[in-house]
Amino acid sequence: MNKKRIVILASGSGSNMQAIIDYAKTNIVNYKIIGLIVNNPDAFAIERAKIENIQYFIINHRDFENRQDFENKIHSQLIDLNCEIIVCAGFMRILQAEFVEKWEGRILNIHPSLLPKYKGLHTHQRAIDANDEFAGCTVHFVNSGVDEGAIIGQASVKIDNGETVDSLASKILIKEHILFPKCIDAVANNEIILKNGKAIFKNGSIISV
Ligand code: GRF
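Below you will find a few notes about this structure. (Residues numbered from 1 in each chain as written. Predicted model: local features only at pLDDT ≥ 70, side-chain atom pairs only at ≥ 80, totals over all residues. Heavy atoms only, no water.)

### Notes on the sheet that holds strand S6 (residues 134-141)
- One open sheet accounts for eight strands, arranged S3-S2-S1-S4-S5-S6-S7-S10; its pairing is mixed. In this open sheet, the two strands that pair with only one neighbour each are strand S3 (56-58) and strand S10 (207-208).
- Here strand S4 (residues 85-88) runs beside strand S5 (residues 107-111); their pairing, made up of three bridges, is parallel. Across the sheet, valine 87 pairs through a bridge with leucine 108, a residue of S5. (Pairing = 2+ DSSP bridges. Helix = DSSP H or I, 4+ residues; strand = E, 2+ residues; numbered from the N terminus.)

Here you go:
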């Protein structure tokens, strides 16, 4: 079977992208990374792509009049690359319905909370402030809502006494790096598909690590 062609969308450090690359080096997977698109020209993800010989494209949202033009440019780049699955790995721009609908069932995101709790920003602070016992991360299909698409996988960590935003974020990031590649591979293998807005799991239930 031909490996699924994935394109990473990122804005920052790209540690999740690195985890997805590294997982594919040490496991038999059904995906290959064929490109990186960043909206931020200073994203460290670019340096990682250079080292890994992955072609990268800087599509800076500031260079466009409006969101639609920006997203049209991303879309045409994805088409040029023959992208099959989009992986948002720390991509800090909200994608509008028109874009997302074109890629329905073929676009994934990772979010640093146990969704449906704490959609949006400042997830770690909100979990600490709420005195939650656990926090974590979620991989989901992207739909037109923010952090609302069908859940593919989750991982949780305990919130310890004296936990800070930084310590919690580091603990969760370790889990993100384990969870995300497994979820991508499951989607690449058609083990998890999106149907009528719901995730269908051919081999059981949501992925947890
Ligand atoms: C991760 O915590 C991700 O969940 C969030 O942004 C962070 C990105 O990290 N959306 P990286 O760029 O993959 O290192």
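Picking up where we left off.
### A look at the layout of surface pockets
- Put simply, the largest pocket is a space of about 850 Å³.
- Forming the walls of the largest pocket are 34 residues, and the residues nearest its centre are Gly90, Phe91, Met92, Ile110 and Pro112.
- Those elements that provide at least two residues to the lining of the largest pocket are helix H1 (15-26), S5, helix H5 (123-129) and helix H6 (165-188).
- Grouping the amino acids of the lining of the largest pocket by side-chain chemistry returns 15 nonpolar, 16 polar and three charged. (1 Å grid on protein atoms, 1.4 Å probe; cavity = no way out; pocket = protein on both sides within 12 Å on 5 of 7 lines; lining within 4 Å. Points joined across faces, edges and corners; volume = space filled by probe spheres on them. Nonpolar A, V, L, I, M, F, W, Y, C, P; charged D, E, K, R; others polar.)

### Considering the pairing of strand S8 (residues 192-195)
- Of the strand pairs in this sheet, S8 and strand S9 (residues 198-201) are connected by four bridges, and their pairing is antiparallel. Paired with leucine 194 across the bridge in S9 is alanine 199.
- Between S8 and S9, which pair antiparallel one after the other, the connecting turn spans two residues, and asparagine 196 there sits at a positive phi close to 50 degrees.

### Observations regarding the pattern of salt bridges
- Per the stated rule, a full pass over the model turns up seven salt bridges.
- Linking lysine 25 and glutamate 52 is a salt bridge whose minimum nitrogen-to-oxygen distance equals 2.8 Å. Of this pair, lysine 25 sits in helix H1 while glutamate 52 sits in the loop between helix H2 (45-51) and S3, placing them 27 residues apart in sequence.
- The residue lysine 119 makes a salt bridge to glutamate 148 at a minimum N-O spacing of 3.6 Å. Placement of the pair is lysine 119 in the loop between S5 and H5 and glutamate 148 in the loop between S6 and strand S7 (151-158), with a sequence separation of 29 residues.
- By relative accessible area, glutamate 148 is classed as partly exposed at 45%.
- Salt bridges here are not isolated pairs; linked through shared partners, they connect Asp22, Lys25 and Glu52. (Salt bridge = Lys/Arg side-chain N within 4 Å of Asp/Glu carboxyl O. Buried < 20%, exposed > 50% of the residue type's maximum accessible area, 1.4 Å probe, protein only.)

### Focus: the site of the ligand
- The environment of the ligand is formed by Ser13, Gly14, Ser15, Asn16, Gly90, Ile110, Pro112, Leu173 and Glu176.
- At 2.5 Å from an oxygen atom of the ligand is found a side-chain nitrogen or oxygen belonging to serine 15.
- Residue glutamate 176 places a side-chain N or O atom 2.8 Å away from an oxygen atom belonging to the ligand.
- The cavity where the ligand resides is the largest pocket.
- Of all the elements in the fold, those that place two or more residues in the shell around the ligand are H1 and H6. (Near = heavy atom within 4 Å. Polar contact = N/O pair within 3.5 Å; in protein donor to acceptor, adjacent residues only side chain to side chain. Sits in = over half its atoms within 2 Å of the grid points.)

By themselves these figures say nothing about function.
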